[in-house]
Amino acid sequence: EDQVTQSPEALRLQEGESSSLNCSYTVSGLRGLFWYRQDPGKGPEFLFTLYSAGEEKEKERLKATLTKKESFLHITAPKPEDSATYLCAVQGTGGYNKLIFGAGTRLAVHP
Amino acid sequence: ETGVTQSPTHLIKTRGQQVTLRCSSQSGHNTVSWYQQALGQGPQFIFQYYREEENGRGNFPPRFSGLQFPNYSSELNVNALELDDSALYLCASSQRSSGANVLTFGAGSRLTVL
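For the structure given in this document, a descriptive report is provided here. These numbers come from a predicted model, not from an experiment. (Residues numbered from 1 in each chain as written. Chains lettered and ligands numbered in written order. Predicted model: local features only at pLDDT ≥ 70, side-chain atom pairs only at ≥ 80, totals over all residues. Heavy atoms only, no water.)

Scanning chain A from terminus to terminus reveals zero helices and eleven strands. Secondary structure elements of chain A occur, N-terminal to C-terminal, as β-β-β-β-β-β-β-β-β-β-β. Rg of the C-alpha trace for chain A: 14 Å, near the compact-globule value of 13 Å for 111 residues, within the 12% margin. Considering only C-alpha atoms, chain A reaches an extent of 45 × 30 × 20 Å along its principal axes. Only carbon and sulfur atoms are counted for the fraction: they give 48% of the accessible area of chain A, which is about 5,400 Å². Looking at charge distribution, chain A has the averaged site of its 13 positive side-chain charges lying 3 Å from that of its 14 negative ones. (Helix = DSSP H or I, 4+ residues; strand = E, 2+ residues; numbered from the N terminus. Rg over C-alpha atoms; globule rule 2.2 N^0.38 Å. Areas by Shrake-Rupley, 256 points an atom, 1.4 Å probe, with all protein chains shown as cover. Lys, Arg positive; Asp, Glu negative; His and termini not counted. Charge placed at Lys NZ, Arg CZ, Asp CG, Glu CD.)

The next point concerns the packing of aromatic side chains. Within the structure shown, the criterion is met by eleven aromatic pairs over all chains. The interplanar angle of 70° and the centroid separation of 5.8 Å between the aromatic rings of Tyr 36 of chain A and Phe 46 of chain A together place this pair among those described as edge-to-face. Pair noted here: Tyr 36 of chain A is in strand β4 (residues 30-38) and Phe 46 of chain A is in strand β5 (residues 45-50), with a separation of ten residues, a long-range link. The exposure class of Phe 46 of chain A is partly exposed, given its relative accessible area of 30%. These aromatic residues form a ring-pair network of at least three members: Phe 34, Tyr 36, Phe 46 and Phe 101 of chain A together with Tyr 35, Phe 45 and Phe 105 of chain B. Positioned above the aromatic ring of Tyr 50 of chain B is the side chain of Arg 96 of chain B, whose terminal nitrogen or guanidinium carbon lies 4.3 Å from the ring centre. (Phe/Tyr/Trp six-rings, centres within 6.5 Å; stacked < 30°, edge-to-face > 60°. Buried < 20%, exposed > 50% of the residue type's maximum accessible area, 1.4 Å probe, protein only. Lys NZ or Arg CZ within 6 Å of the ring centre and 35° of its normal.)

Below is the structure:
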């Protein structure tokens, strides 16, 4: 069964304090691994898609990496506006494009 | 380019009632998916519609049903509401392809069942 586990559940950082979020996954055939950002009361906002082990993508202070079992979202010198829940999801090759989500990491960045 | 829009944004129902939630897809997208997100959890896949037919379903009972219309908009219907149905219901649209499909989400409909 396809499964995604994210850690930590919650993370509190000081502004400028870099850190990483972890996403462990099992899937029978990976079509893509996705990172989304979700602000309170809003829908998930797309950040990255990673397709194969070794791939990396960057956007502003965020960098996502992928191995055969894990993905990491590295946050460099975060700002308070980076505070949100970060969701990881996998899309398998099982015939249609459903996403299996983890429970998310709630990130709070304090000035 | 318009995004995914959902209505209503909030609603309150009582146990046993029925509810209909609506979704307009992003322009150019032909596939609609619905997800349920309980408080503090990640979204869970309910079902997907493509070419006006259900194209895949998660672990949800038959009282969860849906429709997709020729303009790719969609409805989610839930009958015989239960307290555990209280959640944020998210609609997502995408353009079906053979590769990984990026889903664009709406802001959701917050359902409270009393």
